[in-house]
Number of protein chains: 2
Amino acid sequence: MKKTAKRIYLDHAATTPVDPAVVDAMLPYFTTYFGNASSLHSFGVEAHEAMEAAREKVALLIGATADEIVFTSGGTESDNLAIRGVAWKQRAKGRHIITSSIEHPAVLETCRSLETCGFRVTYLPVDGFGVVDVERVRKAITKDTVLISVMHANNEVGTMQKIGEIGEAAAKQGIVFHTDAVQTVGKIPIDVEKMNIGLLSLSSHKIYGPKGVGALYIREDVEVEPILYGGGHEKGLRSSTENIPGIVGLGAAVDIAKERISADMKEQAMLRDRLIKGVLEIERSRLNGHPVQRLPNNANFGFEGIDGEALLLHLDQAGIAASTGSACSSRKHSTSHVLKALGVPDALARGSLRITLGRSTTAEEIEYTVSAIHEGVNRLRRMSPTWHS
Amino acid sequence: MKKTAKRIYLDHAATTPVDPAVVDAMLPYFTTYFGNASSLHSFGVEAHEAMEAAREKVALLIGATADEIVFTSGGTESDNLAIRGVAWKQRAKGRHIITSSIEHPAVLETCRSLETCGFRVTYLPVDGFGVVDVERVRKAITKDTVLISVMHANNEVGTMQKIGEIGEAAAKQGIVFHTDAVQTVGKIPIDVEKMNIGLLSLSSHKIYGPKGVGALYIREDVEVEPILYGGGHEKGLRSSTENIPGIVGLGAAVDIAKERISADMKEQAMLRDRLIKGVLEIERSRLNGHPVQRLPNNANFGFEGIDGEALLLHLDQAGIAASTGSACSSRKHSTSHVLKALGVPDALARGSLRITLGRSTTAEEIEYTVSAIHEGVNRLRRMSPTWHS
């Protein structure tokens, strides 16, 4: 087996460890209550009941009712189902979608795939902090608009959008509003009714639940086409044998998140602020994203004259796991579309570092990380032939 | 928690309990090696390595190479990706698909959805045993045919198709051949190369692995369009953060299946034959599906004058979990499309009972089940106002 030296994990936006209590909740559903939830016998009934209990929990967390929750394989599938689902269902009504230029690829690439099928997509710009102007959303609406999709908080720079206002603008025009809330559910309070949300994507593995499971909230009056066809599970919206241990795990993770949400927010924001203060003492460094309207656990930095991956490697050697941006794009080595949209100069975007805190993060870890970043930036700049301080 | 009285599970075609060794293999990936496989730091590298090791195992089981395996959320997604993936990718070449009338709904409903998008689908009939005539496949091929999809073994009646011959017929015409092998992978030896298979769907939870994970084999030269858009995981064919514990579980399940396949086949076929012999002593009963070319663990019976669900309930009360047909359709209470296609008279199709054996099945369980079926059929017939023996 692999080495297990003490390591500092500061990449909670990429994924989180599963809470041991969540694993405990899941375990019986692998070997004892292992039935297929569609089966009519007692094994099936047990599985079905466990699934419905989890559905109630997820619904409760966001102010929905259980029959508005569809379980999926994760955030990406939820985004795909929401966007393609509404687009195809409502294509007779109109073929225009409004989104932002800093959405997760699961939203952007789905929109792009629809563009090849006769849909028109408006990708709204953001300001230098990554904020979508609600007035721009209103102005982008046409008689052909069938969907507005704006994420709750950005996964790279942590900027929060005014989704309540966007939801209201959409509602006034009778347009369905979808939000990718993968980075916020369980971390920031959400009320789908108050926020006029028609569809909401969430993922289990971002909130200390297992990978491979997520959910899409679909408001009672919103109709979508399925994207997976088959046995008609999830009221025909998501065919596939239900992943009961995963769904039970998501339910358990939601229970824990619900209880901890306030304390987690406060604690992580406090540590994040210490991190930001410490790191910004480095000359020619900056904080990307909004200074205030941001996820409590996110800090995204830019360093002039630094290659982000080199800094990441330095931190990894110091036992610290962080990222340059999203995990999805890590293996692609491309400049972040989010930082580009914020107007971050290329030189700074290449030196970006995302630190995302979690429940286990301690003040000591933050102190150590601040030092390691100082050291890493200094060392890399000293090695650089082009850097002149 | 629920009661755990001794129960007999004979619905292994619906789902299987996860092997405790598989759970053990998965556990570290929930809490210790929990990284996002796309992350560049050590947590990510560990996850990525575990995923690639599992990919090798899956490939090895079916005679493929690792880079031909795409992990999915299960059999349904694999079928959807295979069929829609090829159809959309090759739509310029032609828009005709050949399949059989007894496919799993994940194939049939995907084909039907394509029919609404300008594709033409030929649903080949089967004979009274559920066998697709290879000559009919050949004759159905037109210059517009881009895909032939015929399942390896039927999930309800257990009939095996001559997929090697169908694969050969497809290959001769340069047409991609897909097989849904969800019921056979890990139970019956498969060699994708020898069988001329271009795409093969498999599912973890049918072979004592976890739910929520499966794979699609895509032969190196076969091009498909993705059905989930996003971060570009799985070489752009299946975006979504990879379900590492699930994938590791599938790999572990495959390892065990590979070792046990011969012994399992022999043992289960022997017990199944005892079951069939004992049950067919009931008057006006029959075995649905092929008498010889059938899954070693499947028996599907018809009883005149019996309602299948009533019999199922009787068995459930006797502690036996079985099914009338597929789990997917259990909650829909419709007559099986498979039995219809086999020409089973309605009266008999309504009284169908599927018993599917597993590794834990014992001779004692089979004896007890035979008695319980006799008793159930007799009791239900006595209660029936229309039954005359």
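Residues numbered from 1 in each chain as written. Chains lettered and ligands numbered in written order. Predicted model: local features only at pLDDT ≥ 70, side-chain atom pairs only at ≥ 80, totals over all residues. Heavy atoms only, no water.

Draft legend 1. Helix H9 (residues 308-317) of chain B, seen in detail. Residue and element names in this part refer to chain B. Of all the residues in H9, the buried ones are Gly308, Leu311, Leu312, His314 and Leu315. For H9, the buried positions fall inside an angular range of 160° around the axis, keeping them on one side. Relative to its buried face, H9 has exposed residues pointing more than 90 degrees away, namely Leu313 and Gln317. Residues of H9 that are buried sit in contact with strand S10 (298-303), strand S11 (320-321), strand S12 (352-356) and helix H12 (363-383). Within two residues after H9, Gly319 carries a phi angle of roughly 85°, on the positive side. (Buried < 20%, exposed > 50% of the residue type's maximum accessible area, 1.4 Å probe, protein only. Helix = DSSP H or I, 4+ residues; strand = E, 2+ residues; numbered from the N terminus. Arc of directions from axis to C-beta. Contact = heavy atoms within 4.5 Å.)

Draft legend 2. Local environment of helix H7 (residues 163-172) of chain B. Along H7(B), the positions that sit buried rather than exposed are B:Ile163, B:Ile166, B:Gly167, B:Ala169 and B:Ala170. Take H7(B) and look down its axis: the buried residues cluster within an arc of 160°, on one side only.

Draft legend 3. Representation of the relation of the copies chain A and chain B in the model. Mapping chain A onto chain B leaves a residual RMSD of 0.0 Å; the transformation is a rotation of 180° accompanied by 0.0 Å of translation along its axis. Put plainly, the chains are arranged around a two-fold axis. Comparing interface residues between copies, 99% of those in chain A also lie at the interface in chain B; the contact surface is shared. (Least-squares fit on C-alpha atoms with pLDDT ≥ 70 in both.)

Draft legend 4. View of the interface of chain A and chain B. Counting residues at the interface gives 73 residues for chain A, matched by 72 residues for chain B. Counting each side, the surface lost to burial between chain A and chain B is near 6300 Å², with a carbon and sulfur contribution of 61%. Seen at the junction of chain A and chain B, the total is two salt bridges. The shortest N-O distance in the salt bridge between A:Glu46 and B:Arg7 comes to 2.9 Å. Viewed at the interface, chain B and chain A are joined by 24 residue pairs in polar contact (both at pLDDT 80 or more). Broken down by secondary-structure element, the contributors of at least two residues to the side of chain A that touches chain B are strand S1 (8-9), helix H1 (20-26), helix H2 (28-31), helix H3 (42-62), helix H4 (75-89), helix H5 (105-115), helix H8 (244-279) and helix H9 (308-317) of chain A. In terms of residue count, H3(A) provides more of the side of chain A that touches chain B than any other element does, six residues in total. (Buried area = accessible area lost by both parts, 1.4 Å probe. Salt bridge = Lys/Arg side-chain N within 4 Å of Asp/Glu carboxyl O. Polar contact = N/O pair within 3.5 Å; in protein donor to acceptor, adjacent residues only side chain to side chain.)

Draft legend 5. Just the side chain of A:Lys187, in detail. All names here are of chain A. The topology assignment puts Lys187 in the loop between strand S6 (176-180) and strand S7 (199-203). Among buried charged residues, Lys187 stands out as having no salt bridge; its nearest opposite-charge side chain is Asp264, 9.2 Å away. Among the polar contacts listed, one links the side chain of Lys187 to the backbone oxygen of Gln183, at a separation of 3.4 Å. If near-sequence neighbours (up to four positions away) are discounted, Lys187 is found in contact with Lys206, Ile261, Met265 and Asn297. (Lys, Arg positive; Asp, Glu negative; His and termini not counted.)

Draft legend 6. The arrangement of the sheet that holds strand S10 (residues 298-303) of chain A in detail. All names here are of chain A. Taken in spatial order, the three strands of this open sheet run S9-S10-S12, and their pairing is antiparallel. Either end of the sheet is taken by a strand with one partner, and the two such strands are strand S9 (285-288) and strand S12 (352-356). Averaged over all pairs of adjacent strands, the angle between strand axes in this sheet comes to 25°, irrespective of strand direction. Here S10 pairs with S12 via five bridges, running antiparallel. Bridging across to S12, Asn300 finds its partner in Arg354. Across the face of the sheet, H8 comes into contact with S9, S10 and S12 while running at roughly 10° to S10. (Pairing = 2+ DSSP bridges. Axes fitted to C-alpha atoms, helices over the stretch in contact; angles between N-to-C directions.)

Draft legend 7. Highlighting the pattern of salt bridges. Tallying each qualifying case throughout the model produces 36 salt bridges over all chains. For A:Arg260, the salt bridge is made with A:Asp264, and the minimal N-O distance between the two is 3.1 Å. Of this pair, A:Arg260 and A:Asp264 both sit in helix H8, four residues apart, roughly one helical turn. On the basis of relative accessible area, A:Asp264 is assigned to the buried category, the value being 11%. For B:Lys143, the salt bridge identified is with B:Asp144, shortest N-O distance 3.8 Å.

Draft legend 8. Main features of the domain arrangement of chain A. Residues and elements named next belong to chain A. When cut into domains, chain A gives domain 1 (8-16 + 261-383) and domain 2 (20-256). For domain 1 versus domain 2, the separation of C-alpha centres amounts to 27 Å. Taking both sides of the interface into account, the surface hidden between domain 1 and domain 2 amounts to around 2700 Å²; carbon and sulfur atoms contribute 56%. Area buried by domain 1 at its contact with domain 2 is led by Thr16, Leu295 and Arg359, which between them contribute 22% of it. Viewed at the interface, domain 2 and domain 1 are joined by 18 residue pairs in polar contact (both at pLDDT 80 or more). Those elements that place two or more of their residues in the side of domain 1 that touches domain 2 are H8, S10 and helix H10 (337-341). (Domains from an automatic or database assignment.)

Draft legend 9. Quick look at the packing of H4(A) against H5(A). Residues and elements named next belong to chain A. Contact geometry of H4 with H5 gives a least axis separation of 9 Å together with a crossing angle of 30°. Judged by the inter-axis angle, H4 sits roughly parallel to H5. The way H4 lies across H5 gives a crossing that is right-handed. Contact residues: H4 offers Thr76, Asp79, Asn80, Ile83, Arg84, Ala87 and Trp88, while H5 offers Ala106, Val107, Thr110, Cys111, Ser113 and Leu114. (Parallel < 35°, antiparallel > 145°, perpendicular 65-115°, else oblique. Left-handed = near helix turned anticlockwise from the far one by under 90°.)

Draft legend 10. The nonpolar core, seen in detail. Counting residues in hydrophobic clusters, the biggest one holds 126 residues, and the most contacted among them are A:Ile62, A:Ile148, A:Leu200, B:Ile62, B:Ile148 and B:Leu200. Once residues within four sequence positions are removed from consideration, B:Ile62 is found in contact with B:Ile69, B:Val185, B:Ile190, B:Asp191, B:Val192, B:Leu200 and B:Tyr217. (Core = buried A, V, L, I, M, F, W, Y, C linked by side-chain atoms within 4.5 Å.)

Draft legend 11. Examining the pairing of strand S4 (residues 120-124) of chain B more closely. In the sheet, strand S3 (residues 96-100) of chain B pairs with S4(B) via five bridges, with the strands oriented parallel. Each residue of the ladder has a partner; that of B:Ile97, found in S4(B), is B:Val121.

Draft legend 12. Broad picture of the packing of aromatic side chains. A full pass over the atoms with the stated rule returns 13 aromatic pairs over all chains. With centroids separated by 5.6 Å and ring planes inclined at 50°, the aromatic side chains of A:Tyr29 and A:Tyr33 adopt a geometry described as tilted. Neither residue differs from the other here; A:Tyr29 and A:Tyr33 are each classed as buried. Ring centres of B:Phe301 and B:Phe303 lie 6.2 Å apart, and the angle between their planes is 35°; this geometry places the pair in the tilted category. Given the relative accessible area of 0%, B:Phe303 is considered buried. Seen from the ring of A:Phe43, B:Arg7 lies directly overhead, with NZ or CZ sitting 4.0 Å from the centre. (Phe/Tyr/Trp six-rings, centres within 6.5 Å; stacked < 30°, edge-to-face > 60°. Lys NZ or Arg CZ within 6 Å of the ring centre and 35° of its normal.)

Draft legend 13. Highlighting unusual backbone geometry. Residue and element names in this part refer to chain A. Look at Tyr208: it is not a glycine, yet its phi comes out positive at around 65°. Turning to its location among the elements, Tyr208 is positioned in the loop between S7 and strand S8 (214-218). Tyr208 sits in the buried class, given a relative accessible area of 10%. For Arg284, which is not glycine, the phi torsion reads 50° and is therefore positive. Here Arg284 shows up in the loop between H8 and S9.

Draft legend 14. View of the environment of B:Arg272. Residues and elements named next belong to chain B. On the secondary structure map, Arg272 appears in helix H8 (residues 244-279). Separated by 163 residues in the primary sequence, Arg272 and Glu109 place their C-alpha atoms 31 Å from one another. Ignoring any residue separated from it by four or fewer positions in sequence, one finds Arg272 in contact with Arg294, Leu295, Pro296, Asn298, Ala299 and Leu357.

Draft legend 15. Expanded view of the environment of B:Asp346. Residue and element names in this part refer to chain B. Tracing the backbone shows Asp346 in helix H11 (residues 346-349). Here Asp346 falls in the partly exposed class, since its relative accessible area comes to 44%. Spatially, the C-alpha atoms of Asp346 and Ala25 are 46 Å apart, while their sequence positions differ by 321 residues.

Draft legend 16. Quick peek at the sheet that holds S7(A). Residues and elements named next belong to chain A. Within the open sheet, the seven strands sit side by side as S2-S8-S7-S6-S5-S3-S4. Their pairing is mixed. Because the sheet does not close on itself, it has two edges, and the strands there are strand S2 (69-72) and strand S4 (120-124). Geometrically, the sheet is characterised by an average inter-axis angle of 20° between neighbouring strands, direction not taken into account. As paired strands, strand S5 (residues 145-149) and S6 are joined by three bridges and run parallel to one another. Across the sheet, the residue bridging to Ile148 is Phe177, located in S6. In this fold helix H7 (residues 163-172) packs onto S5 and S6, with an angle of close to 160° to the strand it touches most, S6.

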